Amino acid sequence: DNMDYGLRLKFFNKGAAAIDGAQGNGYAIDAGGAYEANERLRTSILLMNVISGVIKWGKGSDEAINKGIKLGFKYLLRDNLDILGDLSGYSGVPFEARLGGELKLKNNFNLRLGGELKPIDSKQKYFNLTAGIGTNFKNIGIDYAYFYDGLYSYNSRHFISISFGIALPTPK
């Protein structure tokens, strides 16, 4: 089968701990699908925050989590090098573009490097950089990424994620 489907549960923790009340938490769920066109090309669609709550801030205010869509691709350039990209948009926000690469090393380790073009408004844009490393073992993935914010460097941050895959039985 050339199609995959999935859900992603997200928990948010935003803000600046050094400022009283500037910390917020929330959750959302994404739904998506991917199509493998051939051995080298995979395309995808992701409906972001299809089920979403709000981010609750320390001072009692709420921030809505916008719904969005993301269209992506993954192209196998060499046996150990993937090129990935996507376009995404959220309600009320101009589209964003991302392009990156993933180099597969020995022992199930991957190195990643990428960039992101984001709008400030309808005419101005800025560029962010990312770098990371990850590993996969059976159906478990562990990833680390550093995100450099090109607009506000103090907003740069680190991400750590753990993912689990579930292999469903194929229908007979």
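Before any of the text, the structure's been laid out above.
Residues numbered from 1 in each chain as written. Predicted model: local features only at pLDDT ≥ 70, side-chain atom pairs only at ≥ 80, totals over all residues. Heavy atoms only, no water.

Visitor: When you look at a nonpolar patch on the surface in this model, what are you seeing that I'm missing?
Guide: On the surface, Leu9, Phe11, Tyr27, Ile45, Leu47, Val50, Ile51, Ile69, Leu71, Leu87 and Phe95 cluster together into a nonpolar patch covering about 1100 Å² of accessible area. Looking at the nonpolar patch, the elements with two or more residues in it are strand S1 (3-15), strand S3 (41-52) and strand S6 (68-78). (Patch = residues over 30% accessible without salt bridge, like charges linked within 9 Å, V, L, I, M, F, W, Y side chains within 5 Å. Areas by Shrake-Rupley, 256 points an atom, 1.4 Å probe, with all protein chains shown as cover. Salt bridge = Lys/Arg side-chain N within 4 Å of Asp/Glu carboxyl O. Helix = DSSP H or I, 4+ residues; strand = E, 2+ residues; numbered from the N terminus.)

Visitor: Looking at this structure, I do not really get the pattern of salt bridges. What am I missing?
Guide: Side-chain pairs of opposite charge can arise whenever the charged atoms involved come near each other. Counting across every chain of the model gives 15 salt bridges. Among the ionic pairs, Asp82 bridges to Lys74, the shortest N-O distance being 3.5 Å. Judged by relative accessible area, which is 3%, Asp82 ranks as buried. Here Glu96 makes a salt bridge to Lys118, at a shortest N to O gap of 3.4 Å. On the criterion of sequence distance, the pair formed by Glu96 in strand S8 (residues 96-104) and Lys118 in strand S9 (residues 109-119) is long-range, its members being 22 residues apart. In this structure Glu96 comes out as buried when scored by relative accessible area, which is 6%. One salt-bridge network, in which partners are shared between bridges, spans Lys74, Asp82, Glu102, Lys104, Arg112 and Asp143. (Buried < 20%, exposed > 50% of the residue type's maximum accessible area, 1.4 Å probe, protein only.)

Visitor: Is there a simple way to think about the side chain of Asp86 in this case?
Guide: Tracing the backbone through its elements, the reader meets Asp86 in strand S7 (residues 81-90). Other than its neighbours up to four places away in sequence, Asp86 contacts Lys70, Leu71, Gly72, Glu96, Ala97 and Arg98. (Contact = heavy atoms within 4.5 Å.)

Visitor: In this structure, what is going on with the pairing of strand S10 (residues 125-137)? I would like to understand it.
Guide: Regular strands show a simple pattern: their side chains alternate between the two faces of the sheet. Across 11 bridges, the pairing between S9 and S10 is antiparallel. Bridging across to S10, Leu111 finds its partner in Ile133. The antiparallel hairpin formed by S9 and S10 contains 5 residues in its connecting segment. Note: S10 against strand S11 (residues 140-148), 9 bridges, orientation antiparallel. Looking across to S11, one finds that Asn136 is bridged to Gly141. Between the end of S10 and the start of S11, which pair antiparallel, lie 2 residues, with Lys138 showing a positive phi angle near 55°. (Pairing = 2+ DSSP bridges.)

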